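Residue-level listing of the chains:
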Amino acid sequence: EGENEFELMYYQRRVDQIHFVRPCVHLTGHLAPEATRFSSPICSSQWTMERTIGNLRQEIRQPSDLFSNLAQQGIRRCQMNALKAMFPSL
């Protein structure tokens, strides 16, 4: 209910004003239904993917071949996660 009031008050649900609404405000109306369908919101959130991409970008050492380096960091991260899953004591 609070989300609906906010949307009506601040942008009247007009597409040309949707940029006024922060994603976190909009998502509050989806938390309970999505939690029952998909589990915790952290498992189905765009934030998780954006955070991972941000972390990978920070790990890139040579920006001259950005996408190749990004792919290599992603592969390295997947390999480390697999090793940690197989051998938790590492």
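Here the structure is a predicted model, which is why all the values come from computation and not from measurement.

Calculation rules
Residues numbered from 1 in each chain as written. Predicted model: local features only at pLDDT ≥ 70, side-chain atom pairs only at ≥ 80, totals over all residues. Heavy atoms only, no water. Helix = DSSP H or I, 4+ residues; strand = E, 2+ residues; numbered from the N terminus. Buried < 20%, exposed > 50% of the residue type's maximum accessible area, 1.4 Å probe, protein only. Areas by Shrake-Rupley, 256 points an atom, 1.4 Å probe, with all protein chains shown as cover. pLDDT = per-residue confidence, 0-100. Polar contact = N/O pair within 3.5 Å; in protein donor to acceptor, adjacent residues only side chain to side chain. Contact = heavy atoms within 4.5 Å. Axes fitted to C-alpha atoms, helices over the stretch in contact; angles between N-to-C directions. Parallel < 35°, antiparallel > 145°, perpendicular 65-115°, else oblique. Left-handed = near helix turned anticlockwise from the far one by under 90°. Patch = residues over 30% accessible without salt bridge, like charges linked within 9 Å, V, L, I, M, F, W, Y side chains within 5 Å. Salt bridge = Lys/Arg side-chain N within 4 Å of Asp/Glu carboxyl O.

> Would you explain the overall build of the chain in this entry?
If you tally the helices and strands in the chain, you get 6 helices and 0 strands. When the helices and strands of the chain are read in sequence order from the N terminus, they spell out α-α-α-α-α-α. Looking at the 90 residues of the chain, the share that counts as buried comes to 10%. Carbon together with sulfur atoms contributes 60% to the accessible area of the chain, which is approximately 7,700 Å² in total.

> Looking at this model, I keep getting lost on the confidence of the model for the chain. Mind explaining?
Any region with low pLDDT has predicted coordinates that should not be read closely. Taken over all residues, the pLDDT of the chain has a mean of 77, while the share at 70 or more is 82%. Across the chain, helix H6 (residues 66-86) holds the top mean pLDDT of 87, while helix H4 (residues 41-44) sits lowest at 65.

> How should the environment of Leu90 be read in this particular structure?
Its location among the elements puts Leu90 in the segment after H6. Here Leu90 falls in the exposed class, since its relative accessible area comes to 70%. As a C-alpha pair, Leu90 and Met80 span 10 residues in sequence and 9.9 Å in three-dimensional space.

> It is not clear to me how the side chain of Gln73 should be interpreted in this structure. Could you clarify?
Along the polypeptide, Gln73 turns up in helix H6. Exposure remark for Gln73: the relative accessible area of 10% places this residue in the buried category. A distance of 2.6 Å separates the side chain of Gln73 from the side chain of Arg76, its partner in a polar contact. Setting aside chain neighbours within four positions, we find Gln73 in contact with Leu56 and Glu59.

> Please clarify how the packing of helix H5 (residues 46-59) against H6 should be interpreted in this entry.
When two helices pack together, you describe them by how their axes are tilted relative to each other and by the distance separating the axes. For the pair H5 and H6, the least separation of the axes is 9 Å and the interaxial angle reads 110°. Relative to H6, the element H5 is oriented roughly perpendicular. Read as a crossing pair, H5 and H6 show a hand that is right-handed. Contact residues: H5 offers Thr52, Asn55, Leu56, Arg57 and Glu59, while H6 offers Leu70, Gln73, Gly74 and Arg77.

> What is the right way to read a nonpolar patch on the surface from this model?
Together, Met80, Leu83, Met86, Phe87 and Leu90 give the surface a local cluster of nonpolar side chains, amounting to about 540 Å² of exposed area. Examined against the element boundaries, Met86 turns out to sit in helix H6. Given a relative accessible area of 56%, Met86 falls into the exposed group.

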